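This is what each chain is made of:
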Amino acid sequence: MVYTPRSARHGTLLVGAVAVLGLLTGCGNGKDAQGGAPITASGPAAPASDTSKSPVSATSAEGAASGEVSLGAPASASAPKAPAATGGRTTTPAAASSRCHTSELRASVGRNDPGAGQENFPVVITNTSGRTCTLRGYPGAAFVNGSGSQLGPDPKRQSGSPVTVTLKPGKSAWSGLTFSNPEVSGARSATPAALLVTPPDERDHLKVTWPGGPVPVSGNSSSVFLTVLGAGTAP
């Protein structure tokens, strides 16, 4: 048996007690570290957010997380279209289609009404179609010989105010064809075989046998005049 001094035994017991106490203290500190309040470390503050940018709302943030981001009010599915602007004059299809066409008309020359050395013939245009149509302004006219060559210049337009003449089927409009009698004026004359009449705003003409004898074709007082169209067959 080895003899151990009493002082040595007391030292051994003291060391063991200190070791046990250290173990208990370590376990207590570990529990506090897990359940205690977090420790706030001192240091520089985090930078402030940039207030110049629009903040993202919580809804936008949630949408971004799910892949759906709202960027303001939804756009309309179909925006209304502005009416197309039109420049210049507007044409009305109904008005354009109401004009009488050459194929719907017949021309004739009425009885001469002479006076003061003037010859005055009414050139009559009649609606032969089954619809109502309109004429406005002056007709065109030209004297031609038997071979179709024109005799003299085109008639001139006498001053007047054009009006729209509405022609029901079978109704007529007329224009006055006037010229100085060549025997009175001394103008060179010729006797036409026909008169070509072109309705207003048309290109095709109507051919009428000329019944009025000689007409001036050149020289003094050789001008032929046409008046604006009016309703009826004569003044």
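Up top is the structure these notes are about.
Residues numbered from 1 in each chain as written. Predicted model: local features only at pLDDT ≥ 70, side-chain atom pairs only at ≥ 80, totals over all residues. Heavy atoms only, no water.

*Asks:* Would you mind going over the pairing of strand β1 (residues 105-109) in detail, with residue names and values included?
*Replies:* Burial of the side chains of β1 is restricted to one face: Leu105, Ala107 and Val109 are buried, whereas none of Arg106 and Ser108 on the reverse face is. Sheet topology note: the β1/strand β2 (residues 118-127) ladder contains 5 bridges and is antiparallel. By the bridge assignment for β2, Ser108 is matched with Val124. (Buried < 20%, exposed > 50% of the residue type's maximum accessible area, 1.4 Å probe, protein only. Helix = DSSP H or I, 4+ residues; strand = E, 2+ residues; numbered from the N terminus. Pairing = 2+ DSSP bridges.)

*Asks:* Give me the nonpolar core: which residues, what numbers.
*Replies:* By size, the foremost hydrophobic cluster in this structure holds 27 residues, and its most contacted members are Leu135, Phe143, Leu177, Leu195, Val197 and Trp210. Apart from the residues lying within four places of it in its own chain, the contact partners of Leu177 are Glu119, Asn120, Phe121, Val123, Phe143, Pro155, Leu195, Trp210, Val224, Phe225 and Leu226. (Core = buried A, V, L, I, M, F, W, Y, C linked by side-chain atoms within 4.5 Å. Contact = heavy atoms within 4.5 Å.)

*Asks:* Outline the pattern of salt bridges, supporting the account with residue identities and numerical values.
*Replies:* Under the definition given, this model contains 2 salt bridges. Its salt-bridge partner being Glu202, residue Arg99 comes within 2.6 Å of it at the nearest N-O pair. On the criterion of sequence distance, the pair formed by Arg99 in the loop between α3 (93-97) and β1 and Glu202 in the loop between β10 (194-198) and β11 (206-209) is long-range, its members being 103 residues apart. Between Glu104 and Arg131 there is a salt bridge, with its nearest N and O atoms 2.6 Å apart. Here the residue Glu104 occupies a position in the loop between α3 and β1, and Arg131 occupies one in the loop between β2 and β3 (133-136), the gap between them amounting to 27 residues. On the accessibility criterion, Glu104 (13% relative accessible area) is buried. (Salt bridge = Lys/Arg side-chain N within 4 Å of Asp/Glu carboxyl O.)

*Asks:* For the state of the cysteines, give the residues involved together with the corresponding values.
*Replies:* All chains considered together, the criterion is met by 1 disulfide. Across the disulfide, Cys100 is cross-linked to Cys133 (sulfur-sulfur distance 2.0 Å). On the sign convention where negative is left-handed, the bridge of Cys100 and Cys133, at about 95° about the S-S bond, is right-handed. Taken as a pair, Cys100 in the loop between α3 and β1 and Cys133 in strand β3 lie far apart in primary sequence, 33 residues in all. Take Cys100 and Cys133: they sit in the same class, and that class is buried. (Disulfide = S-S within 2.5 Å.)

*Asks:* Help me get a handle on the pairing of β2, residues and values and all.
*Replies:* Two faces make up the sheet, and in a regular strand the side chains alternate between them. A large share of β2 lies buried, amounting to 8 of its 10 residues. Pairing analysis gives 9 bridges linking β2 to strand β8 (residues 172-180), with the strands arranged antiparallel. The residue bridging Phe121 from the neighbouring strand is Leu177, located in β8.

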